[in-house]
Amino acid sequence: MNASRRDFLKGGAALAAWGLTGCATRSRRSGLAKVVVVGAGYGGATAARYLRLLDANIHVTLIDAAEPYLSCPGSNDVIAGLQPLAALQCNHSGLSRNWDVQRVRATVKAIDPDRRQVRLHNDAVLAYDRLILSPGIDFRWDAIAGYDEAASQTVPHAWKAGPQTELLYRQLQAMPANGTLIICAPPNPYRCPPGPYERASLIAHYLQQRKPRAKLLILDGKSQFSKQALFQEAWRRYYPGLLEWLPYTRTGRLERVDAQSLTVHTEFELFKADVLNVIPPQQAGALARQAGLADAAGWCPVHPGSFASTLAPDIHVIGDACNAGPMPKSAFAAGSQAKACALAVAASLQDRPIPAPALINTCYSFVTPQAAISVAGVYKIERGQLSNVAGGETPLTGDWQEEARYAQNWRRAVRSDAFAENS
Ligand SMILES: Cc1cc2nc3c(=O)[nH]c(=O)nc-3n(C[C@H](O)[C@H](O)[C@H](O)COP(=O)(O)OP(=O)(O)OC[C@H]3O[C@@H](n4cnc5c(N)ncnc54)[C@H](O)[C@@H]3O)c2cc1C
């Protein structure tokens, strides 16, 4: 048994240790405030660690259904054959070993905000003083005719790292030398705004090396996209004639996908692929929606600054699932929100005023394995809303090789900050 497995108490064992099998009771360490964090991805893991950093008197339980957690940042490299899937595996063991975060492997199936309890898949119940949710995204399986969860088994989305990532990698390897790969990019808002274009860039790199007669098309549900001028400059510079971006304003909206024939029907045209990657429209993770924490658009409204839900007391929602106004849905943004949320939760448990945070996002995208571009933003609360108050992008004439070195360091630093991988 490796350290990570040993440290990760499976649902039942963890609850027994807490004296919580089947009913809500107080923590054995009674007197300590109890914070339950659901989702051990970039948002949830960061919140758990920073809560313990801010106040060692808070008992923190971090629950996740999946183990190991696979990082989406870096997953486009796996698709392009630049690193193995195993490189995406994050190690949470430092969180329990060095930060005394109680980790529980379980699916949370319901939240009772009135009783301040979460119910697990095995019907065990955990009580909380504050609940932080970072459940990530789910797909809108009803948004594209012909593209549902069953269709994704042969036409991957690869927008959650894991078997889907490997499936797209294998399909790319097996694609005919003169084949066409189509990426259908979703409308806003969705997880990782520049992600589809980084994926296109790294797949283009693969095709250029291995299948130079192949073509890559991006059919886009938007007419503009993140870091657009930089990506388009990269495609002109590195992949002339290989990659074409077609916004819906040229093709008409995506109407239907035929997973059997790998055909995409838009309002005006029909596109036939050899490999098809459909990234569907998205919404907050199911748990948040089922708990009544999402609005009609499918995302969770929160008070900017504390990330407290506007729809339920004592519950905070961070990361991709929340509506953080101008902040993009990224790992770095999730971590930044997690820190602000941890500060707000610790302050409220100590009856202190909640400080107004400044939030940050920094996002790198590789355009070749050795060249990257980036965007950064600073967000503050103005007139009760989060506003983008400063920011910048890599210059078109910047040193993109140097940016790639920063990008590699960024990945290591963000993982270490969230999952305590190096502590
Ligand atoms: C291809 C790709 C590339 C990306 N690249 C970057 C990048 O370079 N930089 C960047 O900043 N961001 C990047 N992102 C975005 C980043 O992955 C997400 O923004 C980030 O993971 C959001 O963190 P989160 O905590 O909100 O959700 P997640 O990381 O998805 O974590 C959610 C966790 O909640 C758990 N969960 C959900 N429901 C339950 C439940 N009911 N019970 C128990 N557990 C539950 C899940 O198992 C999961 O582990 C990329 C995304 C993709 C798809």
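Residue numbers run consecutively from 1 along every chain, following the written order of its sequence. Only residues with pLDDT of at least 70 get local features here, since the model is predicted, and only at 80 or more are side-chain atom pairs given and counted; chain-wide, interface and lining totals rely on the full set of residues. The side-chain figures draw on all heavy atoms in the structure; neither hydrogens nor water molecules are used.

1. Here's the deal with the site of the ligand
Near the ligand there are 33 residues, and of these D64, Y69, S134, R191 and D320 occur at the shortest range. Side-chain atoms alone can form a polar contact between residues adjacent in sequence; in general such a contact is a pair of N or O atoms within 3.5 Å, and within protein one must be able to donate a hydrogen while the other accepts it. One of the backbone N or O atoms of G43 is found 2.9 Å from an oxygen atom in the ligand. One nitrogen or oxygen atom from the side chain of D320 is found 2.8 Å from an oxygen atom belonging to the ligand. Methods summary: accessible areas were calculated by the Shrake-Rupley approach with a probe of 1.4 Å, and residue burial reflects only the protein chains presented. Compared with its free state, where it exposes 1000 Å², the ligand has 92% of that area covered by protein. Every element with two or more residues in the shell around the ligand is listed here: helix 3 (42-54), helix 4 (75-79) and helix 11 (331-349). A per-element tally of the shell around the ligand places helix 11 first, with three residues. Here the residues of the shell around the ligand sort into 18 nonpolar, 10 polar and five charged. A cutoff of 4 Å decides nearness: a residue is near a molecule or strand if any of its heavy atoms lies inside that distance of it. We count a stretch as a helix when DSSP gives it H or I for four or more residues in a row; a strand needs E for two or more, and each element gets its number in order from the N terminus. When residues are grouped by polarity, Ala, Val, Leu, Ile, Met, Phe, Trp, Tyr, Cys and Pro land in nonpolar, Asp, Glu, Lys and Arg in charged, and all others, Gly among them, in polar.

2. Focus on the sheet that holds strand 17 (residues 270-272)
Pairing between two strands is assigned when DSSP locates at least 2 bridges connecting them. Across the sheet, which stays open at both edges, the three strands sit in the order 15-16-17 with antiparallel pairing between neighbours. Only two strands of the sheet have a single neighbouring strand rather than two, namely strand 15 (254-258) and strand 17. The sheet shows a mean angle of 15° between the axes of neighbouring strands, direction not considered. Where strand 15 meets strand 16 (residues 263-266), four bridges bridge the pair, whose relative direction is antiparallel. For L254, the partnering residue across the bridge sits in strand 16 and is T266. Only C-alpha atoms enter the line fits that serve as axes; for helices the fit covers just the stretch in contact. Angles between N-to-C directions range over 0 to 180 degrees.

3. What to know about the domain arrangement of the protein
The domains assigned to the protein are domain 1 (3-138 + 283-356) and domain 2 (143-280). A domain assignment, automatic or from a database, supplies the domain bounds used here. The C-alpha-based centres of domain 1 and domain 2 are spaced at 32 Å. Residues are treated as being in contact if the distance between any of their heavy atoms lies within 4.5 Å. Each side of the interface is counted separately: domain 1 has 20 residues, and domain 2 has 21 residues. Accessible area that two parts lose when put together, evaluated with a 1.4 Å probe and summed over both, is termed the buried area. With both chains or domains summed, domain 1 and domain 2 bury close to 1700 Å², and 67% of this area falls on carbon and sulfur atoms. Here, a salt bridge means any Lys or Arg side-chain nitrogen found within 4 Å of an Asp or Glu carboxyl oxygen. At the junction of domain 1 with domain 2, the criterion picks out two salt bridges. Here D320 ties to R191 by a salt bridge, and the two come within 2.6 Å at their closest N and O atoms. Where domain 1 packs against domain 2, one counts seven residue pairs in polar contact (both at pLDDT 80 or more). At the level of secondary structure, the elements contributing two or more residues to the side of domain 1 that touches domain 2 comprise helix 4 and strand 11 (137-139). With five residues, helix 4 is the single largest residue contributor to the side of domain 1 that touches domain 2.

4. Overview of the environment of A308
With respect to the helices, strands and loops of the structure, A308 is situated in the loop between strand 20 (300-301) and strand 21 (315-317). Between the alpha carbons of A308 and L131 there is a distance of 9.5 Å; along the sequence they are 177 residues apart. Beyond its immediate stretch of four places on either side in the chain, A308 contacts P301, V302, H303, I315 and H316.

5. Quick notes on the nonpolar core
Within the largest apolar cluster, 109 residues are counted, with the highest numbers of intra-cluster contacts made by V118, L216, W235 and F307. Sort the elements by how many residues they give to this core and helix 11 lands first, with nine residues. In this structure L216 touches L181, I183, A200, I203, A204, L207, L242, L243 and E244, once residues within four positions along its chain are discounted. Counting 17 residues, the second-largest nonpolar core is a separate cluster that includes I182, C184, L246 and A273. What is meant by a nonpolar core is a set of buried Ala, Val, Leu, Ile, Met, Phe, Trp, Tyr and Cys residues, joined one to another through side-chain atoms within 4.5 Å. Exposure classes here rest on a 1.4 Å probe applied to the protein chains alone. A residue is buried below 20% of its type maximum, exposed above 50%, and partly exposed in between.

6. Regarding the state of the cysteines
Pairs of cysteine sulfur atoms within 2.5 Å are identified as disulfides in what follows. Under the defined criterion, the tally for this structure stands at zero disulfides. With no disulfide of its own, C90 lies 9.8 Å from the sulfur of C72, the closest cysteine sulfur. In this model C341 remains outside any disulfide bridge; the closest cysteine sulfur is found in C322, 9.2 Å from its own. According to the relative accessible area criterion, C341 is buried, its value standing at 0%.

7. With respect to the pattern of salt bridges
One side chain can pair with another of opposite charge once the charged atoms of both are near each other. Considering all chains together, one arrives at 19 salt bridges under this definition. Ionic pairing is found between K222 and D220, a salt bridge with its closest N-O pair at 2.9 Å. Take K222 and D220: they sit in the same class, and that class is buried. In this structure, the salt-bridge partner of R236 is E233, at a minimum N-O distance of 3.6 Å. Here E233 and R236 lie together in helix 8 (residues 228-238), a separation of three residues that amounts to about one turn. Taken together, the shared-partner salt bridges in this structure form one network comprising R49, K339 and D417.

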